[in-house]
Amino acid sequence: MTTFTVLAIVAVLAALGVVLFSSPVRSAICLVVNFFVLAFVYFILNAELLGITQIIVYTGAIMVLFLFVIMLLNLGGPQAWKERREFRTVLGFGFGAALAGVIASQLITHFREHSRPFADDGYGSPQAIGRVLFTQYVWPFEVASVLLLVGIVGSILLAKRKL
Amino acid sequence: MYNLLAQTDGNGLAKRLAEAFPPPTIDWPSILPIALVVCTGIVALIVEMLRPRQNNNAIIGFSLVGLFFAGLSLTSQFASPDLESFGGMVLRDRFSLTIQLLVVMVTGLTILFSDGYLRAKRIPFGEFYPLVLWSASGAMMMASSKNLLMIFLGIEVLSISLYVLAGMSKTETKSEESALKYFLLGAFASAFLLYGIAFMYGATGSLHLDAIRSAWNPNDEAFRNMMLFGMGLMLFGLAFKAAFVPFHQWTPDVYQGAPTNVTAFMAAGSKIGAMAALWRLLSASTTNVDLGATFQSYWMPALFWIAILTMTVGNLVALVQKDVKRTLGYSSIAHAGYILVGILAHVNNPEKVGIGTTVFYLLSYSLMTIGAFAVVSLTAKNGKEGTRFEDLHGLWKRSPFAVGCLIVFVASLIGIPPTSGFFGKLMIFNDALASDLMPLAIVLAVNSVLSVYYYVGIAKAAFVDAEGARTPESAPMNLGLAATCLLCAGGIFAVVILFNPLMNWLVGAP
Amino acid sequence: MTDWLIQQSPAIQATVRVLVFVLPLLLLVPGLIWWERRLLSWMQDRIGPNRVGPFGLLQPIADGVKLFFKEDITPSTVDRAIYFVAPAVALFPAFAIGGTLPWGPHYGPLMHWTPIANVNIGILYVLAISSLGVYGVVLSGYASNNKYSLLGGLRSSAQLISYELAMGVSLACMVMATGSLKMTDMIAAQMEPLWGIQSLGWLQNWFLFTPFGLISAVVFLICMVAETNRTPFDLPEAENEIIAGYHTEYSSMKFAVFFMGEYATMFVFSGVFATVFLGGWNLLPINWDVVAAQVPALAGIARAMDGLTYWLAPIWFLGKCATGITFYIWLRATLPRLRYDQLMSLGWKSLLPLAVANFIVVAIWIMGTKLYGPGGGWAGGLLGLAIVYALYLNFVSATRKSGWGAKDRLAMVDKSARTIDLVDPNVAGGTR
């Protein structure tokens, strides 16, 4: 429980940092921290493979690309943010807070009673995931590969100037 | 020495797993159509690599043959019993087969008229055909599953192909704008959908719609709230894909900017997929268990007003448009409203109202929409395309046949009696009355009258003489376009003439 | 000693293991630097550092002291927080990966000493943590607020992402061959009879000696050099193009931390290579217990060797790591730096297809072995090779026919412009 508390505090702080930092690079770094800590939350839930996949895919690949793009575009610092601070931003914050409040007030109280927050031993292991992927979820698994193929072909079609 | 098995297999994990996740039943025929379409796309990509330069005939031929066999494999299963296989991921029932058949038909028609248009717009990429096929396979997946995971994957396959296709005309900024708008808003909507699915899963522990339905319990407050949040978010996502008001803002811009053949596919194929998923979700979210409140009593009022808004706003805004593709875009929003009325009628009273109305309306809607867009695609030439009303001027002189067909499509879109559009609307009207949705029926009737003005405007534009206005020389009719027009116009009458046998064959009963 | 260790709580056990096995990593770094400088100078026909201590062994210590007492300059326009964090981030992955390296046998009396954490996602863990290595470089490049540093960071992120794929696939082959992700299981699988043939039981099945393993090893070796930003893949810090890339603005100890991180990473990757392909801590690819059982005449020596291999396992492992490092240095002395496009095309067009083809071959190989024994495995491997080759031929013919491959290549390189006529001074006016 204490482990979880520490992880949760770090994750929430990082998530706040993503939203509140004015520099895009710092936001991205906070997101990296958030993903990394989330992976540890998965670990303590007995979902090792999920956690490590989180690190490989999000922290290791996607966020690197994020940073790459941000750095490549050299997105400006604080000024860019100040320009947009108009009533719509405030409105957006308001609605977001309202939504979060509604969801939290309705749901969090009920989650607190259900406390067995981890999977059975071995059910987050690579063997288990492999088994499930190739039995129950074999069709979605194959369809996901079609999705990736579409993504590859599409990005080449859009990015290449001359085919 | 060192026992490898004992280590990796601690506590008999493999055995426990085998018990928990037995091999699923595999029913190859039920995934055959989708697999055929996907593989046709993949092979078409290889054909694209081997073909002589800039000649897409081989790809088109191959794609059409693949679609034909997919359709064949679908119709051959009409007699088979309903079956869920692949661990509940693939469902074969009449609705799934019929909708898949519609998607296959729509894809075939789109491919048929695409080549001439793409050539005229100077974007003859062979990749268009595989992407359309994959997109179609996404729509088919959405129709053929009751599992939210598959529905989501289907939506993503469908949409991601469409994002790319919308931006295919790379020389035009408006095509790129349309792709970007569609992508950003679509990704946002997908996120909402996924969030909703997560709530559903959190509440019920299952992604299967039947399990979700049977888990409904309004007395458990936490559970009910999670279900309702989930349902709301999912409806948001699907309403975006189906372009209901107020989630329709992207539609006119995307329809206008995307290449016309892609717009045609978007208006027909993507809408069929979204409607199918919506139909699945809604009909699985109805409960009449005596537990107090039914599930639908929570979301039905929302959809009721969305339907009214969609029909009205779609038609009213269409009145003031100056661009044919935008007009047709708003008209497709209005039609989405009509279809939603049909779905709601079915959901409200499943005993009296079957799937026939929705299927028939989708069929006739796709025929007339694809036909109309095919005729509009005639305005493209030399890499340019004008789609304002003036650009249609004088079309009847240049290709009378196309204008003749356009008249049919417009008549059907309005809902003039001998056409399928009229019968579709009549069926929805009747269904709405039959399931106590009188207000919707009245709004539908009023809107049909409203829509006459702008539809007639489209037809009129084709007859006005070109003199004085800017006159892009139209590309001459080509074989594929003529075939598409003929098939669509013929189909509009054929489905009326052969109404009873057709409906018997498609859905079992009229 | 072992009994005492087992009785402690897991956290203390882990701490003890860290103290025994990971801390020396830090102490090894000066040794590595000395080795690199000496070996490099020897290869380049120079003398190298030989003044401080015997053979110049204390030179790195002196350098360290110098770095420590140097003025620590922080440029005024840097993004301070990130600037200070980046070196630590660069150092982190090496030590984190070190946690899963099995320094010795995971059975018998030494079982509880190593690895520090025998996680059952071992290889994935290595991939995950090594993919974090890029952050140190990217962040320092960004935070320095310097064009050259930024370029270094950009190059590095593109490079690491490109080579991670091939690395992952090459490791996946070995995971398939083992059937487990655990490092200890991989070593155990390499102690099976060679090629699965029981009569060769006295030879170990080091994956380097299997055909598919060899290909994987080559791919992995190249990728690991690229992942550590070492020559010939040291584009992120190319001195003559972008000064020193991401660490241009770092001085004193912060620079030393980068330096340390680089060497520690090299060491750890060598360790992973040794574990996955070179039989881990085994001294020689020979199962001494089998030899003892089969050849009575050699039983005494074999048993002695068995004991030696077992009890001094960390030393053999260290030796293999040192071999890996030596290979790094050898590469640095031999190969010039790649151009950026060469780097990309090597990663995407050569290594990745090779690794994927190998993946297919391994899959068929394993299926053959499972169905028909070792012979079936070889047949399956050949079949897989044939399939891959046929696919390759198809692809080549397809690209040739449609004409793009050839045309593009011709456009890029005018062949005649690139040929150099060598003049043979011994033949009058002659070229050869």
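Residues numbered from 1 in each chain as written. Chains lettered and ligands numbered in written order. Predicted model: local features only at pLDDT ≥ 70, side-chain atom pairs only at ≥ 80, totals over all residues.

Okay, the overall build of chain A next. Helices and strands together make up the secondary structure of chain A, namely 7 helices and 0 strands. Counted from the first residue to the last, chain A has its helices and strands arranged as α-α-α-α-α-α-α. The buried share among the 163 residues of chain A stands at 25%. The contacts of chain A with a sequence gap of at least 6 include a subset with a gap of at least 24, amounting to 58%. (Helix = DSSP H or I, 4+ residues; strand = E, 2+ residues; numbered from the N terminus. Buried ≥ 20, exposed ≤ 12 C-beta atoms within 10 Å, placed from the backbone. Contact = placed C-beta atoms within 7 Å.)

We now examine the overall build of chain B. The helix and strand inventory of chain B stands at 21 helices and 4 strands. Taken over C-alpha atoms, the radius of gyration comes to 23 Å for chain B, in line with the 24 Å a tight globule of 510 residues would show. Projected onto its principal axes, the C-alpha positions of chain B cover 85 × 65 × 45 Å. By the burial criterion, 58% of the 510 residues in chain B qualify as buried. Residue pairs in contact within chain B that sit at least 24 positions apart in sequence constitute 79% of those at least 6 positions apart. (Rg over C-alpha atoms; globule rule 2.2 N^0.38 Å.)

Once that is clear, we can look at the interface of chain B and chain A. With 36 residues of chain B at the contact, the number on the chain A side is 27 residues. Mapped onto the side of chain B that touches chain A, the elements with two or more residues apiece are helix 2 (13-20), helix 3 (28-50), helix 6 (128-143), helix 7 (148-166) and helix 10 (221-242) of chain B. If you tally residues by element for the side of chain B that touches chain A, the top one is helix 7 of chain B, at 8 residues. Tallied by class, the residues present in the side of chain B that touches chain A amount to 28 nonpolar, 6 polar and 2 charged. (Nonpolar A, V, L, I, M, F, W, Y, C, P; charged D, E, K, R; others polar.)

Here the focus is the environment of Y298(B). All names here are of chain B. Along the chain, Y298 turns up in helix 13 (residues 296-319). Residues Y298 and M105, 193 residues apart in the sequence, show an inter-C-alpha distance of 36 Å. Ignoring anything within four residues of it in the chain, the contact list for Y298 reads L228 and A293.

Moving on, we come to helix 8 (residues 173-204) of chain B. The α-helix winds at 3.6 residues per turn, so residues separated by three or four positions along the chain end up facing the same way. All names here are of chain B. Spanning 32 residues, helix 8 covers 46 Å between terminal C-alpha atoms, matching the ideal 46 Å at 1.5 Å per step. Along helix 8, the positions that sit buried rather than exposed are S175, S178, A179, Y182, G186, A189, L193, G196, F199, M200, A203 and T204. Tucked into the core, helix 8 has its buried residues touching helix 7, helix 9 (209-215), helix 10 and helix 11 (250-257). Two residues or fewer past helix 8, G205 is found with a positive phi of approximately 75 degrees. (Expected span 1.5 Å × (residues − 1).)

What follows concerns the packing of helix 6 of chain B against helix 12 (residues 260-284) of chain B. All names here are of chain B. Running from N to C, helix 6 and helix 12 cross one another at 20 degrees; their axes reach a closest spacing of 7 Å. Taken together, the axes of helix 6 and helix 12 are roughly parallel relative to one another. In this structure, helix 6 crosses over helix 12, and the sense of that crossing is left-handed. Contact residues: V132, S135, A136, G138, A139, M142 and A143 in helix 6; F265, G269, S270, I272, G273, A276 and A277 in helix 12. (Axes fitted to C-alpha atoms, helices over the stretch in contact; angles between N-to-C directions. Parallel < 35°, antiparallel > 145°, perpendicular 65-115°, else oblique. Left-handed = near helix turned anticlockwise from the far one by under 90°.)

So, on to the confidence of the model for chain B. When pLDDT is averaged across chain B, the result is 85; 93% of the residues are at 70 or more. Scored as a complex, the prediction yields pTM 0.85 and ipTM 0.87. (pLDDT = per-residue confidence, 0-100.)

Turning next to unusual backbone geometry. Here V245(B) and P246(B) are connected by a cis peptide whose omega angle stands at 5 degrees. Even without being a glycine, F86(B) presents a positive backbone phi close to 55 degrees. Relative to the helices and strands, F86(B) resides in the loop between strand 1 (83-85) and strand 2 (90-92). Judged by the 24 C-beta atoms lying within 10 Å of it, F86(B) falls in the buried class. Even without being glycine, N229(C) reaches a positive phi, approximately 60 degrees.

Next up on the list: the packing of helix 1 (residues 2-20) of chain A against helix 2 (residues 24-44) of chain A. Packed helices, taken two at a time, are described by the angle their axes make and the gap between the axes. Residues and elements named next belong to chain A. Here helix 1 crosses helix 2 at 155 degrees, and the two axes come no closer than 8 Å. Our classification of the angle between helix 1 and helix 2 gives roughly antiparallel. Helix-helix and strand crossings are classified by hand; for helix 1 and helix 2 the assignment is left-handed. Contacts from T3, F4, L7, V10, A11, A14, A15, G17 and V18 of helix 1 reach helix 2 at R26, S27, C30, L31, V33, N34, V37, L38, F40, V41 and I44. Split into classes, the residues belonging to the contact of helix 1 with helix 2 amount to 15 nonpolar, 4 polar and 1 charged.

Here we take up the confidence of the model for chain A. Close inspection of predicted coordinates is inappropriate in any region flagged by low pLDDT. Summarising the model, chain A shows a mean pLDDT of 80, and 80% of its residues fall at 70 or more. No element of chain A has a lower mean pLDDT than helix 4 (residues 78-83) of chain A, at 52, and none a higher one than helix 7 (residues 138-159) of chain A, at 90.

A few words now on the environment of G122(C). All names here are of chain C. Residue position: G122 is located in helix 5 (residues 122-143). We classify G122 as buried; it has 27 C-beta atoms within 10 Å. Spatially, the C-alpha atom of G122 lies 9.7 Å from that of D185, the residues being 63 residues apart in sequence. If near-sequence neighbours (up to four positions away) are discounted, G122 is found in contact with T100, L181, K182 and M183.

This part takes up helix 13 of chain B. Residues and elements named next belong to chain B. Here helix 13 contains 24 residues, and its C-alpha end-to-end distance of 34 Å stays within 8% of the 34 Å for a straight helix at 1.5 Å per residue. All buried positions along helix 13 are accounted for by Q296, W299, L303, I306, A307, I308, T310, M311, G314, N315 and A318. Buried residues belonging to helix 13 abut helix 10, helix 14 (324-348) and helix 19 (438-463).

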